[in-house]
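Chain residues, written in single-letter form:
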Amino acid sequence: MKEALREFFGLGGYTRQPDGAYSWKHLLIVAVFVGAMIALGLSLGFKNRKRGAAARNRVLVFAAILIDALEIFKIVILCVGEKSLHPILLNLPLFLCSIQLIALPVAAFSPAGRIKESAIDFVLIFGLLGGVLGIVGAAQNYNAYPAFSFTNLVSAATHSISGFASIYIAAAGLSTLKKKNYPITTAILLVFVGLSMIANELIPYNYMFLKSHDGTPYSIFYNMVNGNKILYPAIVVGVFLLGIFAFYGIKRLVDRSKKQ
């Protein structure tokens, strides 16, 4: 039992070979976690849609606590496994998906106002995208670790919570996507982009995949410009900004159509 636990958590390194990206085990994990993410997000969202703001917000509070608790537990296990604090530098919340470790608690615990509304908008826009990319497109993880391992399962869980929060916000009608909050939502993204670029140079690392695609779907942009060190990150960030613009733009069009 002790050896089985050590192997599951990867303490001292995994002895099992990686199963590979899009192996049947990877696809099984995708089906289970994505299915649960969608089902719970929609069911709880529509169930709470007509409830008051406080009741609808409780689900976000639970999701925020759970996603951070899992991430902290993961980092502790990694530090024990490597017997150093180095894993902390490699698990900063500076990927598009892991920004939710900060944005989701802000959305859940902030008092009513523009900061809360903007954080909710941010989770709505990037939670599902980051969640799906982190579960389905995590080729680098499944090529490096066994599929049924602590590393991959906790990653799938945290990404699923991110996606769940996005779906729940939409189904529960929590997001306002007010025009006045557009600059704040954009600023949240740009601050993390700036921090990621600094961390990538100092650690160094590849936060937000701004230096290379690392086997993720970002390879589309990377190959498009032959890995150009300026154009590649510019396109990646540009796509993120376009996503924010699209959400707020569609909301404005919907509001206009209702007034006519």
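The notes below deal with the structure included here.

Cut-offs used in this document
Residues numbered from 1 in each chain as written. Predicted model: local features only at pLDDT ≥ 70, side-chain atom pairs only at ≥ 80, totals over all residues. Heavy atoms only, no water. Helix = DSSP H or I, 4+ residues; strand = E, 2+ residues; numbered from the N terminus. Buried < 20%, exposed > 50% of the residue type's maximum accessible area, 1.4 Å probe, protein only. Contact = heavy atoms within 4.5 Å. Patch = residues over 30% accessible without salt bridge, like charges linked within 9 Å, V, L, I, M, F, W, Y side chains within 5 Å. Areas by Shrake-Rupley, 256 points an atom, 1.4 Å probe, with all protein chains shown as cover. Salt bridge = Lys/Arg side-chain N within 4 Å of Asp/Glu carboxyl O. Expected span 1.5 Å × (residues − 1). Arc of directions from axis to C-beta. Core = buried A, V, L, I, M, F, W, Y, C linked by side-chain atoms within 4.5 Å. Phe/Tyr/Trp six-rings, centres within 6.5 Å; stacked < 30°, edge-to-face > 60°. Axes fitted to C-alpha atoms, helices over the stretch in contact; angles between N-to-C directions. Parallel < 35°, antiparallel > 145°, perpendicular 65-115°, else oblique. Left-handed = near helix turned anticlockwise from the far one by under 90°. Nonpolar A, V, L, I, M, F, W, Y, C, P; charged D, E, K, R; others polar.

1. Topic: the side chain of threonine 185
Consideration 1: Secondary-structure assignment places threonine 185 in helix α9 (residues 182-202).
Consideration 2: By relative accessible area, which is 0% here, threonine 185 ends up buried.
Consideration 3: Among all residues touching threonine 185, those that are not within four sequence positions of it are Ser118, Asp121, Phe122, Ile125, Ile244 and Tyr248.

2. Details of a nonpolar patch on the surface
Consideration 1: On the surface, Trp24, Leu28, Val32 and Phe148 cluster together to form a nonpolar patch covering roughly 410 Å² of accessible area.
Consideration 2: Counting through the fold element by element, phenylalanine 148 comes out in the loop between α7 (139-142) and α8 (150-172).

3. Some thoughts on unusual backbone geometry
Consideration 1: The step from isoleucine 203 to proline 204 runs through a cis peptide bond, and the omega angle for that step is -15°.
Consideration 2: Note that proline 204 resides in the loop between α9 and α10 (219-224).
Consideration 3: Although it is not a glycine, tyrosine 22 adopts a positive phi angle of roughly 65°.
Consideration 4: Looking at where tyrosine 22 falls in the secondary structure, it is placed in the loop between α1 (2-9) and α2 (24-48).
Consideration 5: Positive phi, close to 50°, is recorded for leucine 177, a residue that is not glycine.
Consideration 6: Position of leucine 177 among the secondary structure elements: in the loop between α8 and α9.
Consideration 7: With a relative accessible area of 11%, leucine 177 lands in the buried category.

4. Overview of α9
Consideration 1: With 21 residues, α9 extends 31 Å between its outermost C-alpha atoms, agreeing within 8% with the 30 Å of an ideal straight helix rising 1.5 Å per residue.
Consideration 2: Of the positions making up α9, those classed as buried are Thr185, Thr186, Leu189, Phe192, Val193, Ser196, Ala199 and Asn200. Seen along its axis, α9 keeps its buried residues to an arc of 150°; they face one direction. For α9, the exposed residues lying more than 90 degrees away from the buried face are Glu201 and Leu202.
Consideration 3: Residues of α9 that are buried make contact with α5 (100-109), α6 (114-136) and α11 (231-259).

5. Here we look at the nonpolar core
Consideration 1: One finds Leu60, Leu104, Phe126, Leu189 and Phe240 to be the most contacted residues of the largest nonpolar core, which totals 51 residues.
Consideration 2: For this core, the elements supplying multiple residues, two or more each, are α2, α3 (53-82), α5, α6, α8, α9 and α11.
Consideration 3: It is α6 that provides the largest number of residues to this core, a total of eight residues.
Consideration 4: For leucine 104, the contacting residues outside a window of four places in its chain are Leu60, Ala63, Ala64, Ile67, Val123, Ile161 and Ala165.
Consideration 5: In this structure, Ile29, Ala138, Tyr142 and Ala147 belong to the second largest nonpolar core, which totals five residues.

6. Structural notes on the packing of aromatic side chains
Consideration 1: Tallied over the full model, the rule gives 17 aromatic pairs.
Consideration 2: For the ring pair phenylalanine 8 and phenylalanine 150, a centre distance of 6.3 Å and an interplane angle of 75° mean the geometry is edge-to-face. With phenylalanine 8 in helix α1 and phenylalanine 150 in helix α8, the pair connects residues that are 142 residues apart, well separated along the chain.
Consideration 3: Aromatic side chains phenylalanine 95 and tyrosine 205 sit 6.2 Å apart centroid to centroid with 70° between the ring planes, which places their arrangement in the edge-to-face category. Taken as a pair, phenylalanine 95 in the loop between α4 (86-89) and α5 and tyrosine 205 in the loop between α9 and α10 lie far apart in primary sequence, 110 residues in all.
Consideration 4: By relative accessible area, tyrosine 205 is classed as partly exposed at 30%.
Consideration 5: Members of the aromatic cluster, joined through ring pairs, are Phe95, Phe122, Phe126, Tyr205, Tyr207, Phe209, Tyr218 and Phe240.

7. Observations concerning the pattern of salt bridges
Consideration 1: Tallied over the full model, the rule gives five salt bridges.
Consideration 2: One salt bridge in this structure joins glutamate 117 and lysine 178, with 3.1 Å as the shortest N-O distance. On the criterion of sequence distance, the pair formed by glutamate 117 in helix α6 and lysine 178 in the loop between α8 and α9 is long-range, its members being 61 residues apart.
Consideration 3: The buried category is assigned to glutamate 117, whose relative accessible area is 18%.

8. Observations concerning the environment of leucine 5
Consideration 1: Here leucine 5 lies in helix α1.
Consideration 2: Here the alpha-carbon distance between leucine 5 and phenylalanine 150, two residues 145 residues apart in the chain, equals 9.6 Å.

9. A word on the packing of α3 against α5
Consideration 1: At a minimum axis distance of 8 Å, the contact between α3 and α5 shows a crossing angle of 150°. Relative to α5, α3 is oriented roughly antiparallel. Crossing geometry of α3 relative to α5 is assigned as left-handed. Only Gln100, Leu101, Leu104, Pro105, Ala107, Ala108 and Phe109 of α5 make contact with α3, whose side of the interface consists of Asn57, Leu60, Val61, Ala63, Ala64, Ile65, Ile67, Asp68 and Glu71.
Consideration 2: The class makeup of the residues in the contact of α3 with α5 is 12 nonpolar, two polar and two charged.

So, to be careful, I would describe these as geometric facts and stop short of saying anything about function.
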